[in-house]
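Remarks on the overall topology
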Amino acid sequence: MKEGQKHIYYIAGENKKDLESSPFLEKLKKRGYEVLFMTDPIDEYAVQHMDEFEDHKLMNATKEDLKFGDKEEKKEKKRREKAKENLKDFIDWYKKVLGDKVEKIIISNRLTTSPMAIVTGTYGYTANMERLMKAQALNDPTRYSFMASKKTIEINPYHPVITKLNEKSQEDAEDSDTKELAIMLYDSAIIQAGFDIDDQTAFNQRMI
């Protein structure tokens, strides 16, 4: 691992190519930190029962509360707190637009080039695990409702798309085009994270 890297980061998915381009890794790449790519279905099952290895905490790069444990983290936290204050009205508006699709919306500490990412709680299923568990539950669809992950939106407050969406929501919070753009951005993040679209019919209509 790189000198100064405090944790062992990992990300699980179907193939290495998709994992390499994942937005979840943007800040980790910028820091030059190493990340384990797990592409075998059994990998994520196994690592869930490991908290640490050789005094290094294992940390899933796709879950909320990502920590770096370095000197930059404190400085970045102050910037995020300021951004959260500046975007409070926007975050409230966006949560109202999305309703129960997401549990909460927070300022991201992992994004550098993407406007948004969908993460899951510390103890929730990742998109990869949800996909694997859903496949196993096909014979009993009622089981899946208990396995669905509570999703958290992480926004990049410095991205032009978020800045523009914030401006538009302030100009007219009820504008249908602005709401449509907000939902499309969410849909894009859902797909990129590897989750299924909540309402496929509505999604298809938005794409037409």
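These notes cover the structure that comes with them. (Residues numbered from 1 in each chain as written. Predicted model: local features only at pLDDT ≥ 70, side-chain atom pairs only at ≥ 80, totals over all residues. Heavy atoms only, no water.)

The number of helices and strands found in the chain is 9 helices and 7 strands. Out of the 208 residues belonging to the chain, those deemed buried represent 44%. When contacts within the chain are restricted to residue pairs at least 6 apart in sequence, long-range pairs at least 24 apart make up 74% of them. Surface exposure of the chain reaches about 12,500 Å², of which carbon and sulfur atoms provide 50%. (Helix = DSSP H or I, 4+ residues; strand = E, 2+ residues; numbered from the N terminus. Buried < 20%, exposed > 50% of the residue type's maximum accessible area, 1.4 Å probe, protein only. Contact = heavy atoms within 4.5 Å. Areas by Shrake-Rupley, 256 points an atom, 1.4 Å probe, with all protein chains shown as cover.)

Let us look at the packing of aromatic side chains. Taken as a whole and judged by the stated rule, the model has 4 aromatic pairs. Ring centres 6.1 Å apart and planes at 10° place the aromatic pair Y9 and Y33 in the stacked group. Of this pair, Y9 sits in strand β1 (residues 7-12) while Y33 sits in the loop between α2 (26-31) and β2 (35-38), and the two are 24 residues apart along the sequence. Side by side, Y9 and Y33 carry an identical accessibility label, which is buried. Considering the side-chain rings of F90 and Y94, the 5.6 Å spacing of their centres and the 50° angle between planes classify their relative orientation as tilted. Within this pair, F90 and its partner Y94 are both found in helix α5 (residues 88-98), separated by 4 residues, close to a single helical turn. Neither residue differs from the other here; F90 and Y94 are each classed as buried. Every member of this aromatic cluster is reached through a ring pair, and the members are F90, W93 and Y94. When the ring centre of F68 is taken as reference, the NZ or CZ atom of R31 above it lies at 4.1 Å. (Phe/Tyr/Trp six-rings, centres within 6.5 Å; stacked < 30°, edge-to-face > 60°. Lys NZ or Arg CZ within 6 Å of the ring centre and 35° of its normal.)

On to the sheet that holds strand β7 (residues 151-155). The mixed open sheet is built from 3 strands, whose spatial order is β5-β7-β6. Both edges of this open sheet fall to β5 (104-107) and β6 (116-120), since each of them pairs with a single strand only. Taken over all neighbouring pairs, the strand axes of this sheet differ in orientation by 30° on average, direction set aside. As paired elements, β6 and β7 share 5 bridges and run antiparallel to each other. In the strand pairing of β7, V119 is matched with T152. (Pairing = 2+ DSSP bridges. Axes fitted to C-alpha atoms, helices over the stretch in contact; angles between N-to-C directions.)

A few words now on the nonpolar core. A general tendency of soluble globular proteins is for nonpolar side chains to be buried together. In terms of nonpolar packing, the biggest core is built from 40 residues, with F90, Y94, I118, I153, I155 and Y186 touching the most fellow members. Of all elements in the fold, only β1, α5, β5, β6, β7, α7 (160-171) and α8 (176-193) reach the threshold of two or more residues within this core. In this structure Y94 touches I105, M116, L165, A182, L185 and Y186, once residues within four positions along its chain are discounted. Membership of the second largest hydrophobic core comes to 6 residues, among which are I8, Y10, A12 and L58. (Core = buried A, V, L, I, M, F, W, Y, C linked by side-chain atoms within 4.5 Å.)

Among all positions in α5, only F90, I91, W93, Y94 and L98 are buried. For α5, the buried positions fall inside an angular range of 165° around the axis, keeping them on one side. Exposed residues lying more than 90 degrees from the buried face of α5 are D89 and K96. On its buried face, α5 sits against β5, β6, β7, α7 and α8. Positive phi shows up at G99, right after α5, with a value of about 60°. (Arc of directions from axis to C-beta.)

Read these as spatial facts, not as claims about activity.
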